[in-house]
Amino acid sequence: MNFLWRDETLFRDESVFDPEYIPETLIHRERQMMALAMNLRPALRNSSPIHTILFGPPATGKTSTLRTILREIDDHAIITYVRCPLARTSYRVFSRIFERVYGYPPPHTGISIARMYELICEGLLERNKPLIVALDDFNFLERDAGNEILYALLKAHEEYSIRIGIILVTTERIELDEKTGAVFHPDEIYFPLYDEDEIRDILLQRIRLGFYDGVIADEAFERIVELTARTSDLRFGIYLLRMSGIEAERRASRRIELRDVEMVYEGGARVFLAKSISALNSDEREALKIIYSIEGDVNSGDIYRILKAEVNMGYTRFYEIINKLERLRLIDVVMGKKGRGRTRYIIRRYDRELMLKALMEG
Ligand SMILES: Nc1ncnc2c1ncn2[C@@H]1O[C@H](COP(=O)(O)OP(=O)(O)OP(=O)(O)O)[C@@H](O)[C@H]1O
Ligand SMILES: [Mg+2]
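Reading the values: the criteria
Residues numbered from 1 in each chain as written. Chains lettered and ligands numbered in written order. Predicted model: local features only at pLDDT ≥ 70, side-chain atom pairs only at ≥ 80, totals over all residues. Heavy atoms only, no water. Helix = DSSP H or I, 4+ residues; strand = E, 2+ residues; numbered from the N terminus. Buried < 20%, exposed > 50% of the residue type's maximum accessible area, 1.4 Å probe, protein only. Areas by Shrake-Rupley, 256 points an atom, 1.4 Å probe, with all protein chains shown as cover. Lys, Arg positive; Asp, Glu negative; His and termini not counted. Charge placed at Lys NZ, Arg CZ, Asp CG, Glu CD. Near = heavy atom within 4 Å. Polar contact = N/O pair within 3.5 Å; in protein donor to acceptor, adjacent residues only side chain to side chain. Nonpolar A, V, L, I, M, F, W, Y, C, P; charged D, E, K, R; others polar. Domains from an automatic or database assignment. Axes fitted to C-alpha atoms, helices over the stretch in contact; angles between N-to-C directions. Left-handed = near helix turned anticlockwise from the far one by under 90°. Contact = heavy atoms within 4.5 Å.

Asks: Sorry, what's going on with the overall build of the protein here?
Replies: Scanning the protein for helices and strands turns up 14 helices and eight strands. For the C-alpha atoms alone, the extent of the protein along its principal axes is close to 60 × 60 × 40 Å. Looking at the protein as a whole, 46% of its 362 residues are labelled buried. In the structure as shown, the protein presents an accessible area of about 19000 Å², 49% of it carried by carbon and sulfur atoms. A gap of 2 Å separates the mean positions of the 53 positive and 58 negative side-chain charges of the protein.

Dropping the structure here:
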């Protein structure tokens, strides 16, 4: 039979493709998992854990690694995991810690951060357990909140001799003020981009977990690997797997074919681009638009000249913008020769029309 019956499906378990899903074993992150576990281990043995920063580009498994390790030590520590984009102030972060220590939120009438913080320390002493505070997407905290939180937590350690481990997760370099920087010396664990073979392994694992055996044609799978490697975004690959599964089902096919992938690719890429673009301010968008409007080779000097005519900015700022666009995997930058000197060439990672459409919609 080549056709699916109405109640048949290609999915063994569709939740495997949810953004929140974390597989039991994280392949290609063994080194990072081990390093984080080693840093936290002292907390479980009455000595101080090593504060840690998990650093690397988007979709490199930082959150997944963190949550996997935290799950393992859950019984031995009081763990506060905070998504900073949802709790942007010191007050909210301390409320979350309070809630984890006491099992209920701080009083509604509101108490000062200082008071809340005393209570947290007293609660910890009573329970005699280490506190682990993990701040995911740390750079999304409001200005100064990051410094304030870190400084307070580190002081708690001194004043109350409490065992505290701080884990920060970030895609950008963190800059702390002098006071905080002087007392916070974290170990850094780096999460590099996955290469094409690693992407293939990870997507294959998802397929085994999420689809019934043999439902995806080899060329369809290879195309998804290729498209994912081009954007270096695993999330995009996982999304493409799910959407092409749904597309194959829609046409009642028992197999996911290349045409299903092609069918969902453009729409999917636009959704993904729109998300990256939403993290850009207007100058950054303008630079991106210029880069994708020009035909042929693009070198950074030309872009700077055009951009400067439209928005007034110095070279340092321009340089930062280019770095950010590269970090978000919207462009690549390579050094090349130009005449007698050297120049930075910008390479577009996406189809020009696709990007310009996404920019117009965003
Ligand atoms: N080694 C891996 N094995 C299996 N799945 C992975 C692996 N690494 C990442 N993923 C999957 O890729 C997606 C992105 O991973 P994750 O959220 O951990 O990345 P991140 O580094 O925290 O990204 P961001 O900086 O954007 O928050 C998730 O769906 C996750 O399950
Ligand atoms: Mg994350």
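Asks: Honestly, the site of ligand 1 in this entry has me stumped. Any pointers?
Replies: Looking at ligand 1, there are 22 residues lining it, with Ile27, Lys62, Thr63, Ser64 and Tyr194 nearest. Thr60 has a polar backbone atom sitting 3.1 Å from an oxygen atom of ligand 1. A total of 630 Å² of accessible area belongs to ligand 1 in isolation, and the protein chains cover 93% of it. If you list the elements that add at least two residues to the shell around ligand 1, you get α2 (62-72), α7 (196-210) and α9 (234-250). The class makeup of the residues in the shell around ligand 1 is 11 nonpolar, six polar and five charged. In this structure, the shell around ligand 1 is formed jointly by two domains, domain 1 (30-190) and domain 2 (194-277), each of which donates at least three residues.

Asks: Whenever I open this one, the packing of α7 against α9 confuses me. Can you help?
Replies: Two quantities define a packed helix pair, namely the angle between the helix axes and the distance between the axes. Look at α7 against α9: their axes get within 11 Å of each other, and the N-to-C directions meet at 35°. Both α7 and α9 take part in a crossing whose hand is right-handed. Contact residues: Ile202, Leu203, Arg206 and Ile207 in α7; Leu234, Gly237, Ile238 and Leu241 in α9. A per-class count over the contact of α7 with α9 returns six nonpolar, one polar and one charged.

Asks: What is the right way to read the domain arrangement of the protein from this model?
Replies: By domain assignment, the protein separates into domain 1 (30-190), domain 2 (194-277) and domain 3 (282-361). Averaged C-alpha coordinates put domain 1 and domain 2 at centres separated by 35 Å.

Asks: How should the side chain of Arg349 be read in this particular structure?
Replies: Here Arg349 lies in the loop between β8 (341-348) and α14 (352-361). Using a relative accessible area of 10% as the deciding quantity, one classes Arg349 as buried. Within the local environment of Arg349, its side chain forms a polar contact with the backbone oxygen of Arg329, the two atoms lying 3.3 Å apart. At a separation of 2.9 Å, a polar atom in the side chain of Arg349 contacts the side chain of Asp332. With near-sequence residues (within four places) excluded, Arg349 lies in contact with Ala229, Arg230, Thr231, Ser232, Tyr292, Arg329, Leu330, Ile331 and Asp332.

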